[in-house]
Amino acid sequence: MSLSATQAESSNVPANPRSRVLLASLIGTTIEFYDFYVYATAAVLVFPHLFFPSDDPTTSLLSSFAVFGAAMVARPLGAIVFGHLGDKVGRKATLVGALLTMGIATFLIGALPTYALVGWLAPFLLVVLRLAQGFALGGEWSGAALVATENAPKGKRAWYGTFPQLGAPIGFIIANGLFLIIAAILPSDDPTMPSDAFLEWGWRIPFLFSIVMVAVGLWVRLRLVESTAFTKAEKTGTIQRLPLAVAFRLHWRKLILGTFFMLATYVLFYLMTAFSLSYGRAATDAAVPGLGYSYTTFVLMLIAGVVFFGVFTLVSGPLADKWGRRRTLIWVTLGIIVFGLVWVPLLDAGFVGVMAWLVIGFSLMGLTFGPMGALLPELFPTNVRYTGSGISYNVSSILGAAVAPFIAVALWEAGDGSPFWVGIYLAVMAVLTLVALLISTETKDVDIDA
């Protein structure tokens, strides 16, 4: 073959069509977040009773949340392992591995025996599989964000980057919608407790169903080809033998900034999902009182709020492309600080106030989460991008998400049922994110192929 023919052939490397890029980045994170939300819902409804039985309901709930947070600890390890593979062998194979790991772990949780059957072995196995979930999600997000941003046309990286982010609200709606349907089929006479049938076998259905979603995700992911940015790095010989070492040696400041960029996002995310479900369902006359809604009513309210999460995730992309990631996020973070300070007046205003709290919180969630799909990958060059963005995203999960539900329950108790201190906690975390944004520089115009 002649040199010119070889050059022509190399210039005709198949590209990923726009629809394939957006679907592949969206469907994988939808499945991953579906699996994560299924666990988050079960951590409130089921696991305190079946895996962490105790005479003190708060102790059972905190034990369940502790295991929920354990997955966040595993996420940075997943980011390191999958990031190493993604920066050395490519994005496609790594994303397939992350999806399979999450899907198998979630399916197996649905088949676990309970504490009543095998004693301490039940929570131990739950912890192991929960760690596997966190490990997988640690590699999923950054890969999906890279598929979107490295294949985006000029001037639309933030908009493309919102599609993997959109997997979070879609996964939430599917997971909680499925739990809601099962709860309706297996109703309980006590609105504060799932039915006996739900606790015996109904809760397992969403976990087992994940295997179907994984099959669909694999079909989409296997049709991808590598991005131009990665193939260029291969051809120019810039692939690193140890991407992690290079990321820490040359890009440590960006790793720290990226971690704090995500802090307010993570805290808001898990307060509005995991904590709110506990607070919303707690009886008004309980030792630690809550809002007193039934499970069905409050989940429907949550789903209505999450619709705004999805809408404003998409809205954030064009805003960040026009005004820049930094400028957009500074204003949104200021909004999160104010939101944290007005929790009590909103939540004391009855149904209208609670719905306003959900709508505002989830709208801010979409506006802060959406631009991260472009911002974190843009911080790092191609040869360490999977590793760097993944570590920042997932280390922040420890500082924010891993401890957020646990701290929120403790502050809720300390306030004798008032959410005041929980809102203050959110505002303080948002201040840390604001400081990181103020000392950073804009990334909108960086060369993604560099």
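Everything discussed here concerns the structure shown above.
Residues numbered from 1 in each chain as written. Predicted model: local features only at pLDDT ≥ 70, side-chain atom pairs only at ≥ 80, totals over all residues. Heavy atoms only, no water.

Counting its secondary structure elements, the protein chain contains 22 helices and zero strands. For a compact globule of 450 residues, the expected C-alpha radius of gyration is about 22 Å, and the protein chain comes in at 22 Å, within 12% of that figure. Over its C-alpha atoms, taken along the principal directions, the protein chain stretches across nearly 80 × 45 × 35 Å. Counting over 450 residues, the protein chain shows a buried share of 58%. Taking the intrachain contacts of the protein chain between residues at least 6 apart in sequence as the baseline, contacts between residues at least 24 apart amount to 84%. Carbon and sulfur atoms form 70% of the exposed surface of the protein chain, whose accessible area is close to 16,900 Å². Treating the 26 positive side-chain charges of the protein chain as one cloud and the 24 negative ones as another, the clouds have centres 16 Å apart. (Helix = DSSP H or I, 4+ residues; strand = E, 2+ residues; numbered from the N terminus. Rg over C-alpha atoms; globule rule 2.2 N^0.38 Å. Buried < 20%, exposed > 50% of the residue type's maximum accessible area, 1.4 Å probe, protein only. Contact = heavy atoms within 4.5 Å. Areas by Shrake-Rupley, 256 points an atom, 1.4 Å probe, with all protein chains shown as cover. Lys, Arg positive; Asp, Glu negative; His and termini not counted. Charge placed at Lys NZ, Arg CZ, Asp CG, Glu CD.)

Once that is clear, we can look at unusual backbone geometry. Positive phi, close to 55°, is recorded for Asp-416, a residue that is not glycine. Along the chain, Asp-416 turns up in the loop between helix 21 (404–414) and helix 22 (420–438). On the basis of relative accessible area, Asp-416 is assigned to the exposed category, the value being 63%.

In this structure the tally under the stated criterion is 33 aromatic pairs. A ring pair is formed by Trp-159 and Tyr-160, whose centres lie 5.6 Å apart and whose planes are at 70°; its orientation type is edge-to-face. Judged by centre distance (4.8 Å) and plane angle (85°), the rings of Phe-269 and Tyr-270 are edge-to-face. Clustering of aromatic rings is evident, with ring pairs tying together Phe-33, Tyr-37, Trp-141, Phe-172, Tyr-266, Phe-269, Tyr-270, Phe-309, Phe-362, Phe-369 and Tyr-393. Above the plane of the ring of Tyr-39 lies Arg-130, whose end atom (NZ or CZ) is 4.0 Å from the centre. Over the ring of Trp-219 we find Arg-223, and its NZ or CZ is 5.0 Å from the ring centre. (Phe/Tyr/Trp six-rings, centres within 6.5 Å; stacked < 30°, edge-to-face > 60°. Lys NZ or Arg CZ within 6 Å of the ring centre and 35° of its normal.)

Let us look at the packing of helix 7 (residues 121–150) against helix 20 (residues 385–402). Helix 20 packs onto helix 7 with a crossing angle of 125° between their chain directions and a minimal axis gap of 9 Å. For the element pair helix 7 / helix 20, the angle class is oblique. Once helix 7 is placed against helix 20, the crossing between them reads as right-handed. The segment helix 7 lies against helix 20, with Leu-137, Gly-138, Gly-139, Trp-141, Ser-142, Gly-143, Leu-146 and Glu-150 engaging Arg-385, Tyr-386, Ser-389, Gly-390, Tyr-393 and Asn-394. Counted by class, the contact of helix 7 with helix 20 contains five nonpolar, seven polar and two charged residues. (Axes fitted to C-alpha atoms, helices over the stretch in contact; angles between N-to-C directions. Parallel < 35°, antiparallel > 145°, perpendicular 65-115°, else oblique. Left-handed = near helix turned anticlockwise from the far one by under 90°. Nonpolar A, V, L, I, M, F, W, Y, C, P; charged D, E, K, R; others polar.)

It is worth spelling out the nonpolar core at this point. Counting residues in hydrophobic clusters, the biggest one holds 142 residues, and the most contacted among them are Phe-47 and Trp-203. Here this core gets 16 residues from one element, more than from any other, and that element is helix 2 (residues 18–45). Contacts of Trp-203, omitting those with residues within four sequence positions, involve Val-46, Phe-47, Leu-50, Phe-51, Ile-109, Phe-179 and Phe-198. (Core = buried A, V, L, I, M, F, W, Y, C linked by side-chain atoms within 4.5 Å.)

Let's shift gears to the pattern of salt bridges. A side chain of one charge can pair with a side chain of the opposite charge when the charged atoms of the two come close. All told, the structure shown has eight salt bridges when counted by the stated rule. Arg-325 serves as the salt-bridge partner of Asp-321, at 3.2 Å between the closest nitrogen and oxygen. For the pair formed by Asp-321 and Arg-325, the shared burial category is buried. A salt bridge links Glu-378 to Arg-325, with the shortest nitrogen-to-oxygen separation between them at 2.6 Å. (Salt bridge = Lys/Arg side-chain N within 4 Å of Asp/Glu carboxyl O.)

These figures come from the coordinates and say nothing about function on their own.
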